[in-house]
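Analysis of the macromolecular model
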Amino acid sequence: MTQTRDPHTVNSQIPVGLWVPAVAALGLILLPVIGLIVRAPWPRFVELVTSESARAALELSLRTAAISTLLCVVLGGPLAVVLARGSLPGLRLLRSVVLLPLVLPPVVGGLALLYLLGISGFAGYALDVAFGVRLPFTTTAVVLAQTFVAMPFLVVALEGALRTAGQRYEAVAASLGAPPWTVFRRITVPLVLPGLGSGMVLSFARCLGEFGATIAFAGSLQGVTRTLPLEVYLQREVDVDGAIALSLVLVIVAILVIAVARPRSVEGVG
Amino acid sequence: MSPGLDIELVVRRGSFELDATVQVGQGEVLAVLGRNGSGKSTLLAAIAGQLRPDTGRIVLGGRVLTDTARRVLLPPHRRRIGLLAQEPLLFPHLSVLDNVAFGPRVSGSRRQQARAAALRHLTDVDAVEFAQRRPAQLSGGQAQRIALARALASDPELLLLDEPLSAVDVELAPALRSLLQSVLQDRLAVVVTHQVIDALMLADRVVVLDGGRVVEQGPTREVLTRPRSAFAARLAGLNLVSGTATEDGLRADDGRELTGMTESTVPGARAVAVFPPAAVAVYTDPPKGSPRNVISGRAAALEPNGTLVRVRGEAGLAADITPVAAVELGLHTGAAVWFVVKAAEVAIYPTHVFPEQSDWTTGGRPDRPATGALPAANADG
């Protein structure tokens, strides 16, 4: 939705006192990125971001973030439907539980995952005994950690879209003879597609930037669990130029994500 | 079991209780009238299967849709009941054609068949030229036509219309009303409406709900020409006074005596006196001579009513006089007025069915809820 502004319209006045902190806030967001660009080792940029470790990290990051986002949709999508449409007692409590990964420090989330699915955790022990599967310090662990932290973004965006869409179209579809699953497929899903899209973009971005939960639960093994943020952190110790170059790659990917998908909830339109 | 619709239900919601028994015969259209909060929407929701009554049974064409005693509650998609609400609610992501084809599609038709059926139904409502459009590209009236075609395309046994014309532009409503009239011919339908013209044009029979109870039901013409409830009288634009029948008239509940043409009333039994506002003469001085029906009070409001001026008395009665007469009388709000109505204009008949009928009431503005506490939404028809 784009608003065309009529130059004759007099907008309500913004108090002058708000401009200063507003500009400061914008500066706080923008200036560090500009600093990064200014400080970037441009002559060596291509060489730095195509090094073997950098390429492995980038590839791993994109792969795990994509799988995690998909997991968020497959698991979080139905959860959003239950939260938005269900009438169970305790649904409000459930809604707050979903927000937990959003407010929890990611490292704590990673530790929690480790003590559930690690060898000493009860679920991890059971998995090991029953199937010989050990999750920690594998790529699967990276995906789980990312899904854990990104899930609320998808659920919240989708639940909001479902509430906005309301149930009246669904009632009409049912009156036309459509059973619940058909209504869901042909009416509910298409109506919330924009909300789903913005939820996916936000989740993907969150997955890509994941650091704390990943390092706690999956560690940092090149090509297996060392995602781009982990690589940046590691490089910072040995080669600052390399860290900055990789950071810029993350900035570019983030900008691309926002520009291509333009998450509606971020623009305040959704 | 009748081939029509049989409803008998009780729904409690907090302090509100809907307790209604309603029958609709085969091929009949029933209008449900009542102010906001009278239980109309609850009744519709129960029929559509969106609401489980506390107790009750709903049978459509011999099929039990709801039966609380036997724990039957058929889901909405298996009821074969079409809905047409105030808003068209066309699915925004589908073309007009696919909206109308939705019903046939989900009931198993192939795409081509469903689209062919949709085109036929679009032709029936004179909207075939919009087939390829998106709902967002339609006007309200066009969209409502298409919503009707969509409801009909699913071949419903019963059509529920919830104030289908109240969101349509005033200029477009008559054409749509005529369309509904021809579509509803020989169809089983329930129409909720605030407008007397909808009831007259569309419905064979009328049910008046008030506070969750059926206060009046009968053939449309009968109910609207000889109302027995305050609400039906208001809807029909008639003055209604309820009280007790006397030898040659009626003693109103506030003690006033009215003389009129009594029709099979029994002295001492409950009755209503009904007369049109146009039969009421207005004086600003006590009338000379000894006319029999004089009601004094103050002019509570003066409102334009077509080419006439409606004078509302304090007691809720109304008189229609010409603007010239209003000016000559020097009428203003709060002026002392005497309403005079000839005995020959007052019809007095029993209210046998509903003895609890209340106060003095008046015609006009049937689309307004009578009490201020009710939600104003949709009230304007």
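Residues numbered from 1 in each chain as written. Chains lettered and ligands numbered in written order. Predicted model: local features only at pLDDT ≥ 70, side-chain atom pairs only at ≥ 80, totals over all residues.

1. Examining the overall build of chain A
The following threshold applies: Helix and strand assignments follow DSSP, with helices taken as H or I runs no shorter than four residues and strands as E runs no shorter than two, numbered in order from the N terminus. Neighbour density around each residue's C-beta defines its exposure: 20 or more other C-beta atoms within 10 Å make it buried, 12 or fewer make it exposed, and counts between make it partly exposed, where C-beta atoms are placed from the backbone. It is the C-beta atoms, placed from the backbone, that decide contacts: two residues are in contact if theirs lie within 7 Å.
Along its length, chain A carries 14 helices and zero strands. When the elements of chain A are put in sequence order from the N terminus, they spell out α-α-α-α-α-α-α-α-α-α-α-α-α-α. Principal axes of the C-alpha set define a box for chain A whose edges measure 70 × 65 × 30 Å. The buried share among the 270 residues of chain A stands at 35%. Within chain A, contacts between residues separated by at least 24 positions form 76% of all contacts whose residues are at least 6 apart in sequence.

2. Section: the sheet that holds strand 14 (residues 257-259) of chain B
Residues and elements named next belong to chain B. The condition that has to hold: Between any two strands, at least two bridges found by DSSP are needed for them to pair.
In space, the six strands of this open sheet follow the order 14-13-12-16-22-15, with mixed pairing throughout. The open sheet has two edge strands, strand 14 and strand 15 (261-262), and neither has a second partner. Relative to strand 22 (residues 347-350), strand 15 runs parallel, the two being bridged by two bridges. Across the sheet, residue M261 finds its bridge partner in strand 22, namely A347.

3. Let's talk about the packing of helix 3 (residues 52-85) of chain A against helix 8 (residues 139-165) of chain A
Residues and elements named next belong to chain A. The criterion, for reference: With axes taken as lines fitted to C-alpha atoms, and helix axes fitted only over the stretch in contact, angles between N-to-C directions fall between 0 and 180 degrees. Should an angle fall under 35 degrees it is called roughly parallel, over 145 degrees roughly antiparallel, and 65 to 115 degrees roughly perpendicular, with every other angle called oblique. Each helix crossing is assigned a hand: it is left-handed if the near helix lies turned anticlockwise from the far helix by less than a right angle, otherwise right-handed if that turn is clockwise.
Two numbers describe how helix 3 lies on helix 8: the axes approach to 6 Å, and their chain directions differ by 40°. Taken together, the axis directions place helix 3 and helix 8 in an arrangement best described as oblique. Between helix 3 and helix 8 the crossing geometry is right-handed.

4. Considering the sheet that holds strand 20 (residues 318-321) of chain B
Residue and element names in this part refer to chain B. The antiparallel open sheet is built from five strands, whose spatial order is 17-21-18-19-20. Two strands bound the open sheet, and with one partner strand each, they are strand 17 (280-283) and strand 20. On average, adjacent strands in this sheet sit at an angle of 45° to one another, irrespective of strand direction. Where strand 18 (residues 294-305) and strand 19 (residues 308-313) come together, six bridges link them in antiparallel fashion. Opposite A299, over in strand 19, you have G313 as the bridge partner.

5. Section: helix 1 (residues 40-48) of chain B
For an α-helix the count is 3.6 residues per turn, leaving residues at separations of three or four pointing the same way. All names here are of chain B. Counting buried positions along helix 1 gives seven out of nine residues, so the element sits mostly inside the fold. Among all positions in helix 1, only K40, T42, L43, L44, A46, I47 and A48 are buried. Phi turns positive, to about 90°, at G49, one or two residues after helix 1.

6. Some words on the interface of chain A and chain B
By convention, interface size is frequently given as the accessible area that disappears when the constituent parts associate. For clarity, the threshold we go by: Amino acid classes used here: Ala, Val, Leu, Ile, Met, Phe, Trp, Tyr, Cys and Pro are nonpolar; Asp, Glu, Lys and Arg are charged; the rest, including Gly, are polar.
Chain A puts 15 residues into the contact, and the matching count from chain B is 16 residues. Counting residues per element, the side of chain A that touches chain B draws most heavily on helix 9 (residues 168-175) of chain A, which supplies seven residues. Of the residues contributing to the side of chain A that touches chain B, the split by class is 11 nonpolar, three polar and one charged.

7. A few points about the nonpolar core
If you look at soluble globular proteins, the nonpolar side chains tend to sit buried side by side. This is how it is decided: By our criterion, buried Ala, Val, Leu, Ile, Met, Phe, Trp, Tyr and Cys residues that link up through C-beta atoms within 7 Å make up a nonpolar core.
Of all hydrophobic cores here, the largest spans 158 residues; its most connected members are A:A145, B:V32, B:I47, B:I146, B:L160 and B:V191. Element by element, the count of residues in this core is highest for helix 8 of chain A, at 17 residues. What B:V32 contacts, discounting residues up to four positions off in sequence, is B:K40, B:L43, B:V190, B:V191, B:V192, B:V207 and B:L209. By size, the runner-up hydrophobic cluster in this structure holds 10 residues, among which are A:A54, A:A57, A:L60 and A:L228.

8. What to know about the pairing of strand 9 (residues 189-192) of chain B
Each regular strand displays side chains that alternate between the two surfaces of the sheet. All names here are of chain B. The alternating pattern of strand 9 places A189 and V191 and V190 and V192 on opposite faces, both of which are buried. Judged from the four bridges that link them, strand 3 (residues 29-33) and strand 9 form a sheet pairing that is parallel. Bridging across to strand 9, V32 finds its partner in V192. Where strand 8 (residues 158-162) meets strand 9, four bridges bridge the pair, whose relative direction is parallel. Note that in strand 9 the partner of L160 across the bridge is V190.

Purely geometric stuff here, so don't read any function into it on its own.
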